[in-house]
Amino acid sequence: MLRKLIAGNWKMNGLRHSLDEVSSLIQKVGKDPKADILICPPALLLMEMARQTKDSPIMVGGQDCHWRECGAHTGEISAQMLADAEASHVIVGHSERRADCGESSKIVKDKAEAALAAGLVPIICVGETLEQREAGEAASVVREQVEQSLPAHPKSEIIIAYEPVWAIGTGKVASAGDIAEIHALLREQVGAAIRLLYGGSVKPGNAAEILHLDNVDGALVGGASLRAEDFYGIIKNS
Ligand code: 13P
């Protein structure tokens, strides 16, 4: 069994004082937590958070990166810059970026490859919309996103996060059966070595059920990662 990863995605939340939550989390998790722990803060907090967590088991990551190493791309952040800021992972292809910024799976794939080239572990997000699920297309949409978003030479140093779009930030969690079904298909598609995370309204109260399903190797947590108490509640239940 793969060791679980509990990853927090702060999205566009968090100011400098939010780092107090990280100090509190460091205290709570101690030296030997049950799971690997990652926080992906807004880019401006990354270096300070990396410094803060240096002697703790908590890793830090980016929420996105550009597909090019450097150059004339105003406002963008490269994978190399994230690595230089001591990030270990980077989320790519989050559904909010696929929707807000029109990111295609081809772009996501290029970003994942840029992440690997910079020595980062890409967390590649996939997931269907409510419309697609209701049309019975969830499995085929996810399969196609994986086919098109994975780096050309997938290695075990990538992670896939299944995040049904309709379950993100809505309080609606996919049922255990729905999660198990998609994760079993993903496992078949990508093999045993790649960690598969579930994301979408994971909270302390539902974490144990989700994290103990077959083929679920961790969670990608949005809202409940912002407060140490909630995030630790999920880690404890992993
Ligand atoms: P919520 O946990 O807030 O639903 O967000 C999930 C998510 O999108 C993590 O990337």
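Because the structure is a prediction, the values reported are computed rather than measured.

### Details of the overall build of the protein chain
A count of helical and extended segments in the protein chain gives 10 helices and 8 strands. Computed over C-alpha atoms, the radius of gyration of the protein chain comes to 16 Å, within 12% of the 18 Å expected from 2.2 N^0.38 for 238 residues, which places it in the range of a compact globule. Reported as C-alpha extents along the three principal axes, the dimensions of the protein chain are approximately 45 × 45 × 30 Å. Within the span of the protein chain, comprising 238 residues, buried residues form 50% of the whole.

### Concerning the site of the ligand
The full set close to the ligand counts 13 residues, and Lys11, His94, Gly169, Ser201 and Gly223 are the nearest of them. At 2.8 Å from an oxygen atom of the ligand is found a side-chain nitrogen or oxygen belonging to lysine 11. At 2.9 Å from an oxygen atom of the ligand is found a main-chain nitrogen or oxygen belonging to glycine 222. Summarising the interface, the protein chains cover 96% of the accessible area of the ligand, which totals 310 Å² for the free molecule. Residue composition of the shell around the ligand, by class: 4 nonpolar, 7 polar and 2 charged.

### Regarding the packing of helix α1 (residues 19-29) against helix α2 (residues 43-53)
Packing of α1 against α2 brings their axes to within 10 Å, and their N-to-C directions diverge by 20°. On the basis of the axis angle, α1 is roughly parallel to α2. In the crossing of α1 with α2, the sense of the turn from one axis to the other is right-handed. Facing Leu19, Val22, Ser23 and Ile26 of α1, the residues of α2 in contact are Glu48, Met49, Gln52 and Thr53. A class-by-class count of the residues in the contact of α1 with α2 yields 4 nonpolar, 3 polar and 1 charged.

About the cut-offs
- Residues numbered from 1 in each chain as written.
- Predicted model: local features only at pLDDT ≥ 70, side-chain atom pairs only at ≥ 80, totals over all residues.
- Heavy atoms only, no water.
- Helix = DSSP H or I, 4+ residues; strand = E, 2+ residues; numbered from the N terminus.
- Rg over C-alpha atoms; globule rule 2.2 N^0.38 Å.
- Buried < 20%, exposed > 50% of the residue type's maximum accessible area, 1.4 Å probe, protein only.
- Near = heavy atom within 4 Å.
- Polar contact = N/O pair within 3.5 Å; in protein donor to acceptor, adjacent residues only side chain to side chain.
- Areas by Shrake-Rupley, 256 points an atom, 1.4 Å probe, with all protein chains shown as cover.
- Nonpolar A, V, L, I, M, F, W, Y, C, P; charged D, E, K, R; others polar.
- Axes fitted to C-alpha atoms, helices over the stretch in contact; angles between N-to-C directions.
- Parallel < 35°, antiparallel > 145°, perpendicular 65-115°, else oblique.
- Left-handed = near helix turned anticlockwise from the far one by under 90°.
- Contact = heavy atoms within 4.5 Å.

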